[in-house]
Every structure is written in structure tokens, then in C-alpha cells.
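Overview (structure and organization)
Spelled out from the first residue to the last, the chains are:
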Amino acid sequence: MQKVSVIGAGTMGNGIAHVFAQNGFRVNLVDVSEKALEKALATIAKNLDRQIAKGTITEAEKSQTLTNITTHTNMSDGVSEAALVVEAATENTTLKLEIFKQLDTYAPADAILASNTSSISITKIAAVTKRPGKVIGMHFMNPVPVMKLVEIINGYATDKVVSEQITELSKKLGKVPCTVNDYPGFIANRILMPMINEAIYSLYEGVAGVEEIDTVMKLGMAHPMGPLQLADFIGLDVCKSILEVLYQGFGNPKYAPCPLLTNMVTAGYLGAKSGEGFYKYTPGSKDLVVSPMFSKK
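As recorded in an unreviewed UniProt entry, the protein goes by 3-hydroxybutyryl-CoA dehydrogenase and comes from Chitinophaga caeni. Per its UniProt entry, the protein bears the Sequence similarities (unreviewed entry) comment "Belongs to the 3-hydroxyacyl-CoA dehydrogenase family."

Here you go:
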């Protein structure tokens, strides 16, 4: 399984490509946008430079990692020889189903098709292919080169041997695989997102401010990052989408997105990627500044 294709050159896609390439795999990074691919390679190079500065890799290893990555804007060319395809497109059900229909057509018949989805049903994704036994979830954590966890999700029809192969492969990448079954939100987001939503409700209802909520969770619960800062880091639109998957999947109102979260996403306050969410982000600054919207008067 030395030939891997990664679909999507965004934050997760370039991170996944980075990790595979650094571990000796030949990677085809596929995206419809040439500009996105160029940005992805620049990001990977920058992250490799950070590793060099820390003394964890050499210049030669950086060069080899970048050499191991080839970019494509054409899906059929990008996956035609892949033993494994990892889809890392936007967390949108319609988009993912369409991508997997194409992958089923263009990827070799014996290729494993994995999704980096954080909440969408693997069983539903597998159902649009003619190889449901070879479809699996491979949910990496952000930032991929740093975070150790890979949440492996078995769909209803995923073959046991495929699950075992992906488990062993994850270990070869230096990751810690945790296997779960296919229910809304799996484990990571089924537990994380209600916590984030409750933190947003606490702000919405005036129980406490942004800094107070995050400080309580950091100092009281030993979380490295408060839930509101983490929501900004994930993307408030992504948080909302995952909560909607949970709400629709379980039909339980406890998973419904907080109205404040819905309003912020509608208004374009998406967190770090848009420059403002619960905190305001200034390029080049590491200072954590509460958004003026939530600042104490």
C-alpha cells in the first residue's frame, strides 16, 4: 500500500498528505483548484521547516517528503493507481457522496476508499459504491502532523481485514488508532460537540464570558484549550454542521446547535479562518483577544 491518493488540499488534506509522504508513501494530492494545491505544498514545506527547526527531521528528509508528493487537478489521473484513497473534502454530505461515486469509478477495484469525515455516516458513504466492504472512516485530528489519534470508523459492511489493514497502516504513520462503529458523530465528536455547544449556550445565556468559560475548562479540567477557542480553531461552520448531523441522526434536541452559533455562522463569523469568532485573530499575532462582540463593557 505504498501509493496513496488524498482528495482535497485544504487543512486536513495537506496534513494527511504530509504525514503519508514523510513516512515514505508516494502521494497523489488531488484538488480541483491548482491554487489550492500550490498553497497546500507551501503549507507542507512551512510545516517541514518547523520540524527542521525543532531538530526532528533533516533538510534531506524535507526534500524527500516533498518529492513524494505529486499534485493533480484531474480525479481519474490522481487515483488510477492508488491502493488507498483518503477523502478529505469539506464536511458536506452531498459533496462526499458525489466524490465517492467518482472514486468507485476511477480507483482500482481492489483499492480501499477511506473518508476523513468527522461525523457523516460511513455506511451512507459506502452505499453509493460497489465496494462497501472496502470503505472505511479514517478520521485524523488537526493539526495532522502533530496529533497522534486516528479514529477508525467501521461502516456496517466494512470488511474486518480492511479494518485491520488500516489499523496497522495508522501505526506505521506513527499514529494511535482507535476503532469505533458507525453512529452519528462516532466517538470524538459525539462527546466533543455537545461540550462545545453547552459552552456556547453558557455564553448565550449570560452565565459567564468567553474568557471565564475557557479558563474554567483549562484550569479546572486540564484542557489544553478552552471549548470556545477550540470551536474557533475547528471552524464554527464545521461545529454547526457536525451538531446538525448529530441532531438529525439521533432526533434528540440536546444536539441542536445553539442559536448563537447559528447566528454567528450566518453572519460569517467562522472563527480563526475568517479572522473572528469568539476571539479576534490578527495575522502574525499569537495574542488571544476576545471578540469585541463579547468584550466586557
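Now that the structure is up, let's keep going.
Some details on the domain arrangement of the protein
For the protein, the assigned domains are domain 1 (3-181) and domain 2 (187-291). Using only C-alpha atoms to locate each centre, domain 1 and domain 2 end up separated by 26 Å. Taken together, the contacts link nine residues of domain 1 with seven residues of domain 2. Where domain 1 touches domain 2, the interface holds zero salt bridges. Counting the contacts that link domain 1 with domain 2 gives three residue pairs in polar contact (both at pLDDT 80 or more).

Some remarks on the pairing of strand β7 (residues 149-154)
By the criterion of burial, β7 is predominantly enclosed, with five of the six residues buried. Looking at chain direction, strand β6 (residues 135-140) and β7 are connected through five bridges and run antiparallel. Residue pairing for β7: Met138 is matched across the bridge by Ile152. Where the polypeptide runs from β7 across helix α7 (residues 160-172) and back to strand β8 (residues 176-181), its parallel neighbour, the crossover connection is right-handed.

Some details on the UniProt feature "binding site: NAD(+)" (unreviewed entry) in the protein
Mapped onto this numbering, the UniProt entry annotates "binding site: NAD(+)" (unreviewed entry) at Gly8, Ala9, Gly10, Thr11, Met12, Gly13, Asp31, Glu91, Lys96, Ser118, Asn142 and Lys273. Here Ser118 lies in the loop between β5 (112-115) and α6 (122-126). Not counting the four nearest positions on each side in its chain, Ser118 is found in contact with Glu91, His139, Gly185, Phe186, Asn189 and Ile242. Locating Asn142 in the fold gives a position in the loop between β6 and β7. Its relative accessible area of 27% is what places Asn142 among the partly exposed residues. Excluding residues that lie within four positions of it along the chain, Asn142 makes contacts with Thr11, Met12, Met147 and Phe233.

Some words on the side chain of Asn197
Considering the arrangement of structural elements, one finds Asn197 in helix α8 (residues 188-204). On the basis of relative accessible area, Asn197 is assigned to the buried category, the value being 2%.

What to know about the side chain of Asn116
Locating Asn116 in the fold gives a position in the loop between β5 and α6. Looking at Asn116, its side chain comes within polar contact range of the main-chain nitrogen of Phe140, at 2.8 Å.

Quick notes on the packing of helix α1 (residues 11-22) against helix α2 (residues 34-53)
At a minimum axis separation of 10 Å, α1 and α2 run at an interaxial angle of 55 degrees. By the angle between their axes, α1 is oblique relative to α2. For α1 against α2, the interelement crossing comes out right-handed. On α2, the residues that touch Asn14, Ala17, His18 and Gln22 of α1 are Ala40, Thr43, Ile44, Asn47, Leu48 and Gln51. For the contact of α1 with α2, the class distribution of residues is four nonpolar, six polar and no charged.

Calculation criteria
- Residues numbered from 1 in each chain as written.
- Predicted model: local features only at pLDDT ≥ 70, side-chain atom pairs only at ≥ 80, totals over all residues.
- Heavy atoms only, no water.
- UniProt positions renumbered as here; feature names shortened; annotations may be inferred.
- Domains from an automatic or database assignment.
- Contact = heavy atoms within 4.5 Å.
- Salt bridge = Lys/Arg side-chain N within 4 Å of Asp/Glu carboxyl O.
- Polar contact = N/O pair within 3.5 Å; in protein donor to acceptor, adjacent residues only side chain to side chain.
- Buried < 20%, exposed > 50% of the residue type's maximum accessible area, 1.4 Å probe, protein only.
- Helix = DSSP H or I, 4+ residues; strand = E, 2+ residues; numbered from the N terminus.
- Pairing = 2+ DSSP bridges.
- Right-handed = clockwise from strand over helix to strand, strands pointing away.
- Axes fitted to C-alpha atoms, helices over the stretch in contact; angles between N-to-C directions.
- Parallel < 35°, antiparallel > 145°, perpendicular 65-115°, else oblique.
- Left-handed = near helix turned anticlockwise from the far one by under 90°.
- Nonpolar A, V, L, I, M, F, W, Y, C, P; charged D, E, K, R; others polar.

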